[in-house]
Each structure stands twice: as structure tokens, then as C-alpha cells.
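Understanding the architecture of this molecule
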Amino acid sequence: MTIILHVHDWDELDWLKNLSGLMPDRNFLSYSQIENDIQADYAILWKPPTQLFEKIDGLKAIFSLGAGVDHIVNVAGFPKDVPLVRVVDKDLTNRMSEYVVFHCLRYLRQYSLLNQQQTNKIWHKGYQPSANEVRVGVLGLGELGLDAAQKLSVMGFNVLGWSRSEKLIDGVKCFHGPDGLDTMLAQTDILVSLLPLTPQTDGLLDYELFAKLPTNGALGGPYLINVGRGQSQREAGILKALDDGTLAGATLDVFEVEPLPTTSKLWTHPNVTITPHNGADSSPRAICQNIADQIARFEAGLLLENVVSIDRGY
Ligand code: NDP
Ligand code: OXD
């Protein structure tokens, strides 16, 4: 029973230790050790290299080490008939909502202005809007977007949300489809993206979209928080919008190219906050346990959980 592991950017050995501790009877092989074509039952992957699927035959299931699967479905030769399982984990969801709520609160409470005032020893109380004067529009109302939207609503924000299919969520004004997007944008002060990367979301967050956000809201201008995928944004469009006031600020966790090149103007822009794609780092222990449980279920004849719809692409 062979399981192929490939982990890019994280410590593969750490994942290997966790997985083999939970499934000691399996033969784990790191993709880097494979020279010739090989038969394997499962593959556990984070950002696999382009030739990976050419070398492996017989896969019964593929496990993504993340919630997003664009890093797998876009690899040449990805076998569309093999079930692809993604991460859905309460700890990851909580961490993502912390990120979103924290940065929305930072904008609400005018944190960077107060910081500047402190640096210049200025004691000044400006107008402080209440949370319900601030409209937060969440793009994507899936596992992560839904939780973040609900927690923002508990904090008192005026929350809106956008998805592909129609939804009814307590405390969240819901919009869907291409027409719903413009209606939501026209009433959004903080735009949060928790969209997966698909052909439809590729490059969506660009200047033309930011120009649809109102500039007369309670925060004095609209803000962008992107914690979904970097290829959903166009960084040239973000910089242009920041420079001409179409956007008042941006918090970005994900980028078109990661790590963000040191030459990017985003690094030094005064109205940009950058985090290194750690919006919601997953706990390896929890994810490995979930994979071990899923393999046990699958081999007992039960259905795999959190299987990606290949047609939708997420
Ligand atoms: P889900 O698949 O549960 O949710 C995706 C949401 O996006 C759904 O509400 C879906 O609509 C909506 N959506 C997808 N395509 C469109 C579209 N074309 N138009 C409108 N809405 C659309 O994903 P998760 O919530 O679990 O994760 C979201 C993304 O977050 C991941 O794909 C990943 O890229 C990113 N992520 C980032 C992390 C980080 O650390 N920065 C960590 C983890 C994830 P519908 O409900 O109608 O299907
Ligand atoms: C994920 C991520 O998809 O961390 O889980 O980006």
C-alpha cells in the first residue's frame, strides 16, 4: 500500500513523521525519491511539480494539504476521474476568521492613523464610526467566507456576501452571480476575498472592480482584504487604485507570485499591509489525522468527505 507525498514550501519530513505515525502500516514515498513510473494508491500533495501525475499510476484518491486545490487541478495530467479531497478543518476556519475580523477591526478603529499620531505625539480624537456604519462585503461564502461573515456580523459590522449560488444567511445580506456582484460592490466599504482560484475568479480583483466601490463610506474610502488566492488579483490594478484614491488601503495575504518579489512596490506602499500567506496556516497534526480517517473510511467502503467538484474547480 504505497502513498506518495509531495510538500512544497513546508517541512516535508514533519508531514511524513505525522502521517507515518498515524498510518504505520503504509509505505510512504516522497515524490523526490521516485525515479521511474510507480503504482501508488494515494497521493498527498501541496503544490506538486508539473511531471508528478505522469509518473504515478493507480491512484484511488488524492489529498490536498490545503483548502484550495488550484495547485493540483492545474497541473498537467491531473486525473479528473480520481476523487480529490481538500482540507476542511475547524481550526483552519477559526484562524481565517481571526484574520478577517482582525483586519476589519483594524480599519474600523483607524489603527494606522492612530499609529501615525503616536509616532508624531499627536493627541487627537477624530470621528470613530460604529461597526454597523461599516459595510463589509465578503466574496465567497463557503466554509471560510461563511464563518468569517457570521463572526463579522457578531462584531456588529453590516455584512454582505457574494457566492455563485443563491444563499440565505442570518445576519448577512446575500448576493450571487455576476449581476449580484455589482450590486454588492456598490454598497461595500471593506471588500474581503475568500474566493477559490478558478477561470472565473482569475484576475477578478482588478482596477475596474475597485472603481465600483463607493468612496463616500464611513471609512472615507474602500479597503481590500485578499486572503483567497493571489492570482485572483492584479497587483498593477491594486497599486493604481491605491495611488489615485480608488482604494484607501489593502491587506494582502496572497500574491500573483509567492514569495512576493522584493522588487514589488506593494512592500513599501504606506497603505498596504502584507502577510506571508499565513492567513490560516493549517495544523499538520489535525490535517494528517483527517487524511488517515478518510483513508480508513474509504477502505471501509464509506464515501470520502470534502471531495472537490472538478467541474466547478473548487
Ligand atoms: P469553499 O469551496 O468552501 O467556498 C468557495 C466559495 O466561493 C463558495 O461560496 C462559492 O460559491 C464561491 N465562489 C466560487 N466561485 C465563484 C464565482 N465564480 N462567483 C461567485 N462565488 C464563487 O472554499 P473555502 O471557503 O474552504 O476556501 C476558499 C479559498 O480560500 C480556498 O480556495 C483557498 O484559495 C483560500 N485559502 C487561503 C488560505 C490562506 O492562508 N490565505 C487558507 C485556506 C484557504 P458557492 O457557495 O455558490 O459554491
Ligand atoms: C490553503 C492555503 O489552501 O493555505 O489551505 O492557502
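Notes on the structure in this doc start here. Residue numbers run consecutively from 1 along every chain, following the written order of its sequence. Following the order in which they are written, the chains are lettered starting with A and the ligands numbered starting with 1. Residues qualify for local features only when their pLDDT is at least 70, as the model is predicted, and side-chain atom pairs are given and counted only at 80 or more; totals for whole chains, interfaces and linings, by contrast, use all residues. In computing side-chain values, all of the structure's heavy atoms are included and hydrogens and water are not.

1. Considering the packing of helix 4 (residues 90–108) against helix 6 (residues 143–154)
Keep this limit in mind: To get an axis, fit a line to the C-alpha atoms, keeping to the stretch in contact for a helix; angles then go from 0 to 180 degrees between the N-to-C directions. A run of H or I in DSSP counts as a helix once it spans at least four residues, and a run of E counts as a strand once it spans at least two, with each numbered from the N terminus. Geometric relationships in this document are graded by angle, where less than 35 degrees denotes roughly parallel, more than 145 denotes roughly antiparallel, 65 to 115 denotes roughly perpendicular, and other angles denote oblique. Here is the rule for handedness: rotate from the far helix to the near one, and if that takes an anticlockwise turn smaller than a right angle the crossing is left-handed, while a clockwise turn gives right-handed. Contacts are assigned to residue pairs that have any heavy atoms within 4.5 Å of one another. Asp, Glu, Lys and Arg are counted as charged, while Ala, Val, Leu, Ile, Met, Phe, Trp, Tyr, Cys and Pro are counted as nonpolar; the rest, among them Gly, fall into the polar class.
Taken N-terminus to C-terminus, the directions of helix 4 and helix 6 make an angle of 50 degrees; their axes are 9 Å apart at the nearest point. When the axis of helix 4 is compared with that of helix 6, the two are oblique. As for how helix 4 packs across helix 6, the hand of that crossing is right-handed. Contacts from Lys-90, Leu-92, Thr-93, Asn-94, Met-96, Ser-97, Val-100, Val-101 and Cys-104 in helix 4 reach Glu-143, Leu-144, Asp-147, Ala-148, Lys-151 and Leu-152 in helix 6. Of the residues assigned to the contact of helix 4 with helix 6, the class counts are eight nonpolar, three polar and four charged.

2. As for the pairing of strand 9 (residues 158–163)
Where a strand is regular, its side chains alternate between the two sheet faces. As a reminder, the rule being used: For each residue, the accessible area found with a 1.4 Å probe, counting protein chains only, is set against the maximum for its type, and the residue is called buried under 20%, exposed over 50%, and partly exposed in between. Pairing between strands is defined by DSSP: at least two bridges between them are needed. By definition, the crossover connecting two strands over a helix is right-handed if that path, from the first strand to the second, turns clockwise as seen with the strands pointing away from the viewer.
Burial of strand 9 is extensive: five of the six residues sit out of reach of the surface. Bridge count between strand 8 (residues 135–139) and strand 9: five bridges; the pairing is parallel. Note on strand 9: the bridge partner recorded for Arg-135 is Asn-158. A crossover links strand 8 with its parallel partner strand 9, the connecting element being helix 6, and its sense is right-handed. Relative to strand 10 (residues 172–176), strand 9 runs parallel, the two sharing five bridges. Each bridged residue has a counterpart across the sheet, and for Trp-162 the counterpart in strand 10 is Phe-175.

3. Quick look at helix 7 (residues 177–185)
Which entries qualify depends on this criterion: Think of the arc as the fan of directions from the helix axis to the C-beta atoms.
Every buried residue of helix 7 is accounted for by Gly-177, Gly-180, Leu-181, Met-184 and Leu-185. Viewed along the axis of helix 7, the buried residues span an arc of 130 degrees, placing them on a single side of the element. Exposed residues on helix 7 whose side chains face more than 90 degrees from its buried face are Pro-178 and Asp-179. If you follow the buried residues of helix 7, they end up packed against strand 8, strand 9, strand 10, strand 11 (190–193) and helix 8 (207–210).

4. A word on the site of ligand 2
Inclusion rule: Proximity criterion: a residue is near a molecule or strand once any of its heavy atoms comes within 4 Å of it. Polar contacts, as counted here, are pairs of nitrogen or oxygen atoms within 3.5 Å of one another; within protein the pair requires one atom able to donate a hydrogen and one able to accept it, and residues that are adjacent in sequence qualify only if both atoms are side-chain atoms. Shrake-Rupley sampling with a 1.4 Å probe provides the accessible areas, and residues are treated as covered by the protein chains on show and by no other component.
In the vicinity of ligand 2, the contacting residues are Trp-46, Gly-66, Ala-67, Gly-68, Arg-229 and His-277. Contact between ligand 2 and Gly-68: an oxygen atom at 2.8 Å from a main-chain N or O atom of the residue. Considering ligand 2 on its own, with 210 Å² of exposed area, one finds that the protein chains cover 89% of that surface. The residue makeup of the shell around ligand 2, split by class, is two nonpolar, three polar and one charged.

5. Looking at empty space enclosed by the protein
Counted only if it meets this: Think of a 1 Å grid over just the protein atoms. A cavity is a set of points where a 1.4 Å probe fits yet cannot get out, a pocket is an open set with protein on both sides within 12 Å along at least five of seven lines, and lining residues have an atom within 4 Å of a point. Grid points are joined across faces, edges and corners, and a volume is the space filled by probe spheres set on the points.
Tallied over the full model, the rule gives one cavity of 30 Å³ or more. In this model, the largest cavity occupies a volume close to 80 Å³. Taken together, Phe-63, Ser-64, Val-85, Arg-86, Val-87, Val-88, Asp-89, Ile-287, Asn-290 and Ile-291 make up the lining of the largest cavity. Elements that contribute at least two residues to the lining of the largest cavity include exactly strand 6 (61–64) and helix 10 (284–299). It is helix 10 that provides the largest number of residues to the lining of the largest cavity, a total of three residues. Residue classes in the lining of the largest cavity are distributed as six nonpolar, two polar and two charged.

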